[in-house]
Amino acid sequence: RFANGRLRSPESLRFTVYRSRDTAHPRKRHHRILVSETERLCYVGHNFGSEVMRCNALCRYFVGVLDKESGQMEVYNAEMFNMQPLLSGGRCWVLPQPVPGLYVPPALIYSVLLIPTLFPQHRGRRIPSLLHAMRKSGRGKHSEPRMEVKQEVDLCIEAFGTSKQKRALSSRRMNAVGNDIVSTAVAKAAGNIIDAKGVTALMQDVAQDDVQTISAFLPPCHEDADRPELVYKFEDILSPTEYEALRVPAAALASTTAEDLAKKAEERSHCSFVLEELKFLPADEKSRDHKARCLWFLDTLIKFSHLKVIKKKHPMGPECPHIISRKLMKNFTSLTYNNGSVQNLVSASMKAKITAYVIVLALHINSFQTDLTILQNDMKLQESRILDIAKALRLKVSKAKGVLGQENDQNHKLGTLSLPLPVQKAPAGQRKRRKIN
């Protein structure tokens, strides 16, 4: 009996046993090969080799034959054989042993108890192959005498596989045809483009595309500007309406005293860059208010970059103006679908975009030269990451000793925006990652 069907005529199942001729050898004299023939396929099992079941060496098997007339039962020694389908070319396809997570179709494998005294011994007979069985049943008349193992497995799935396996086989064959068509079309189109434009022109186009991809996450750059403050305009970072909305929340920073600053540093309510810049607020009221608004928005951007999934309607708290919250959600998050709902996610690309805007805002605060290492620590980035973004912003990066009180032993990197702007280059490729043991 098979797991995926039944034999129409079990009495027609034929068994043949083969014994080793080397009767003098202590091991080979016990070697047996059992062959089972059906109308469509042949199976072969043996009690020697690496694929033999180990249970044969651990226990003994017996089969009882009941005589209905006398009521007596005769007991015979038996041996367990693992029957495998015999495929074309006289080869036996050996199924793998059961492994956790691996499904072997039960219809392709079954076990048989061999009773030596019940089966005659045959010698000199050729074991039939799957090709012979297919031709006998009228199939495969135009088949090749040898086929690949993958094709042989597909034939077994067609004959004995479950409905799910047959659907997967059909889908795989259709996809293979589709992939061949697509690959041929793509290869032909690529050849035509290379012949028309040439390899050098194509490489230049690819480099230009990389530059445009990087620029999609950067603030608008005005390369024809005659002053550094016009390269990245302040209005592109904060519109006049958004700038006006920052007047109320930034008032607390503008009125910060020395005692308030010490308390903020102890509580770490603001990032290191903001705490350092609060020490040098201008005495002029207008300039002081302008710098306080910039610092408040920069601190909000850095805190927003630390979020992963935005679940609240006002992620930065009720003190954040509604127009600023809407700007953060619209410009610095990406939509994702999870658990049946749409969520706002601060992805890696969005964090890179936030970093670019933070650097540009820090340049406007510090006369277009800023300490990139302090911003890197505040945003919890790797140095290589923030340097790549700074170079994409066309900044000149130089080394400088850190500010007093800010990790004096660490060599700080300064980013300077100056004219003329350096030539923008596409990334040469990913750096080699060190293996961490």
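If you're wondering where the values come from, they're calculated on a predicted model, not measured in any experiment. (Residues numbered from 1 in each chain as written. Predicted model: local features only at pLDDT ≥ 70, side-chain atom pairs only at ≥ 80, totals over all residues. Heavy atoms only, no water.)

1. Quick word on the overall build of the chain
Inference 1: Within the chain one finds 14 helices and 13 strands.
Inference 2: Looking at the chain as a whole, 36% of its 437 residues are labelled buried.
Inference 3: Taking contacts inside the chain between residues at least 6 apart in sequence as the whole, the part at least 24 apart equals 62%.
Inference 4: When the accessible surface of the chain is split by element, carbon and sulfur atoms take 54% of a total near 28,100 Å². (Helix = DSSP H or I, 4+ residues; strand = E, 2+ residues; numbered from the N terminus. Buried < 20%, exposed > 50% of the residue type's maximum accessible area, 1.4 Å probe, protein only. Contact = heavy atoms within 4.5 Å. Areas by Shrake-Rupley, 256 points an atom, 1.4 Å probe, with all protein chains shown as cover.)

2. Some details on the pairing of strand β13 (residues 411–416)
For a regular strand, side-chain orientation follows a simple rule: the groups alternate between the two sheet faces.
Inference 1: Of all 6 residues in β13, 5 are buried; the element is thus mostly enclosed.
Inference 2: Pairing of strand β11 (residues 369–371) with β13 involves 3 bridges; the strand directions are antiparallel. Within β13, the position partnered with T370 by the bridge is G415. (Pairing = 2+ DSSP bridges.)

3. A look at unusual backbone geometry
Inference 1: Along the chain, L419 connects to P420 via a cis peptide bond; the corresponding omega equals -5°.
Inference 2: Topologically, P420 is positioned in the segment after β13.
Inference 3: In this structure, S367 takes a positive phi of about 55° despite not being glycine.
Inference 4: Following the sequence through the fold, S367 ends up in the loop between α12 (348–365) and β11.

4. Some details on the nonpolar core
A general trend in soluble globular proteins is that nonpolar side chains are found buried together.
Inference 1: Ranked by internal contacts, the top residues of the largest apolar core, which has 61 residues, are F273, L298, F304, I359 and L393.
Inference 2: Those elements that place two or more of their residues in this core are α5 (234–237), α7 (247–254), α9 (272–277), α10 (285–305), α11 (322–331), α12, α13 (372–379) and α14 (383–392).
Inference 3: Ranked by residue count, the leading element in this core is α12, at 11 residues.
Inference 4: Residues within four places of F273 in sequence aside, it is in contact with L295, L298, A362, I365, N366, T370, I374, L375 and D378.
Inference 5: Within the second largest apolar cluster, 7 residues are counted, among which are L34, L41, Y43 and F81. (Core = buried A, V, L, I, M, F, W, Y, C linked by side-chain atoms within 4.5 Å.)

5. Quick notes on the packing of α13 against α14
Inference 1: Across the interface, α13 lies against α14 with an axial gap of 10 Å and an inter-helix angle of 125°. Taken together, the axes of α13 and α14 lie oblique to each other. Considering only the axes of α13 and α14, their crossing is right-handed. Only E383, I386, L387 and A390 of α14 make contact with α13, whose side of the interface consists of L372, L375 and Q376.
Inference 2: Its residues placed into classes, the contact of α13 with α14 shows 5 nonpolar, 1 polar and 1 charged. (Axes fitted to C-alpha atoms, helices over the stretch in contact; angles between N-to-C directions. Parallel < 35°, antiparallel > 145°, perpendicular 65-115°, else oblique. Left-handed = near helix turned anticlockwise from the far one by under 90°. Nonpolar A, V, L, I, M, F, W, Y, C, P; charged D, E, K, R; others polar.)

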